[in-house]
Amino acid sequence: QVQLTEAGGGLVQAGDSLTLSCTDSGTTFSTFGLGWFRQTPGNEREFVAGISYSGRKTDYGDRVRGRFNISRVNAANTVYLQMNRLKPEDTAVYICAAAMTLPWDRVDVREDEYYKWGQGTQVTVYS
């Protein structure tokens, strides 16, 4: 069973960095692909970053590629999203999610490929 809990959101100035974490309380964390999405009021969830169950493969949304970095520590049941050079348009609720990808070591980018979601953490970037 997977239960995801995000942490690390907050209010930051444009240009700053922030690292989010997402921890799973279950025992099968290392078998899931993981992703970060973000959502603003009235809009659909946007894919931000994803990482395969092994950690060897990653992918990013076009608007964050080169600024954000996703990583995971399976021994700690935690996935991280390091966000650099933040912009006001990065303001959103950031939500982590788990996907069942075994046996394939792949990154899922579509929202409907993820089956378990956290509650989200708010990130606000001011200029």
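Shown above is the structure to which this text applies.
This structure is a prediction, so every number in the text was calculated from the model and none was measured. (Residues numbered from 1 in each chain as written. Predicted model: local features only at pLDDT ≥ 70, side-chain atom pairs only at ≥ 80, totals over all residues. Heavy atoms only, no water.)

S.K.: Is there a simple way to explain the state of the cysteines in this structure?
M.R.: Note: disulfide means a covalent bond formed between the sulfur atoms of two cysteine side chains. A full pass over the atoms with the stated rule returns one disulfide. Across the disulfide, Cys22 is cross-linked to Cys96 (sulfur-sulfur distance 1.8 Å). Of this pair, Cys22 sits in strand β3 (residues 18-24) while Cys96 sits in strand β9 (residues 92-99), and the two are 74 residues apart along the sequence. Overall, Cys22 belongs to the buried group, its relative accessible area being 1%. Its relative accessible area of 1% is what places Cys96 among the buried residues. (Disulfide = S-S within 2.5 Å. Helix = DSSP H or I, 4+ residues; strand = E, 2+ residues; numbered from the N terminus. Buried < 20%, exposed > 50% of the residue type's maximum accessible area, 1.4 Å probe, protein only.)

S.K.: Can you walk me through unusual backbone geometry in this structure?
M.R.: Among all residues except glycine, the phi angle is most often negative; among peptide bonds, the trans geometry is most common. At the junction of Leu102 and Pro103, the peptide bond is cis and its omega measures out at 5 degrees in the coordinates. Counting through the fold element by element, Pro103 comes out in the loop between β9 and β10 (116-117). A positive phi angle, close to 45 degrees, is found at Arg85, a residue other than glycine. Note that Arg85 resides in the loop between β8 (78-83) and β9. Assessed through its relative accessible area of 49%, Arg85 is described here as partly exposed.

S.K.: Please clarify how the side chain of Asp90 should be interpreted in this entry.
M.R.: Among the secondary structure elements, Asp90 is positioned in the loop between β8 and β9. Ignoring any residue separated from it by four or fewer positions in sequence, one finds Asp90 in contact with Arg38, Arg67, Phe68, Arg85, Val123 and Val125. (Contact = heavy atoms within 4.5 Å.)

S.K.: I keep staring at the nonpolar core and nothing clicks. Help me out?
M.R.: Nonpolar side chains in soluble globular proteins tend to end up buried together. With 26 residues, the main nonpolar core has Trp36, Leu81, Met83 and Tyr94 as its most contacted residues. At the level of secondary structure, the elements contributing two or more residues to this core comprise β3, β4 (33-39), β5 (46-51), β7 (68-73), β8, β9 and β11 (121-126). A per-element tally of this core places β9 first, with four residues. If you look at the next biggest cluster of nonpolar residues, it comprises eight residues, including Phe47, Ile95, Ala99 and Trp117. (Core = buried A, V, L, I, M, F, W, Y, C linked by side-chain atoms within 4.5 Å.)

S.K.: What am I meant to see in the pairing of β3 here?
M.R.: Side-chain direction in a regular strand flips from residue to residue, so the side chains alternate between the two faces of the sheet. For β3, the buried fraction is high: five of the seven residues fall into the buried class. Where β3 lies against β8, six bridges are found, and the strand directions are antiparallel. The residue bridging Leu20 from the neighbouring strand is Leu81, located in β8. (Pairing = 2+ DSSP bridges.)

S.K.: Which parts of the structure should I look at to understand the pairing of strand β1 (residues 4-7)?
M.R.: Here β1 shows a clear split, with Leu4 and Glu6 buried on one side and none of Thr5 and Ala7 buried on the other. In the sheet, β1 pairs with β3 via four bridges, with the strands oriented antiparallel. Looking at the pairing, Leu4 lines up with Asp24 of β3.

S.K.: Is there a simple way to think about the packing of aromatic side chains in this case?
M.R.: Between two aromatic rings, the relevant description is the distance of the centres plus the angle of the planes. Per the counting criterion, the structure on display carries five aromatic pairs. Their ring planes at 80 degrees and their centres at 5.1 Å tell us that Phe37 and Tyr114 sit as a pair that is edge-to-face. Here the residue Phe37 occupies a position in strand β4, and Tyr114 occupies one in the loop between β9 and β10, the gap between them amounting to 77 residues. The residues Phe37 and Tyr114 share a single accessibility class, namely buried. Ring pairing ties together the aromatic residues Phe37, Phe47, Tyr114 and Trp117, which thus form one cluster. In this arrangement the basic side chain of Arg45 is found over the ring face of Trp117, its NZ or CZ atom lying 4.0 Å from the centre. (Phe/Tyr/Trp six-rings, centres within 6.5 Å; stacked < 30°, edge-to-face > 60°. Lys NZ or Arg CZ within 6 Å of the ring centre and 35° of its normal.)

Without other data, these values stay purely geometric and don't point to any function.
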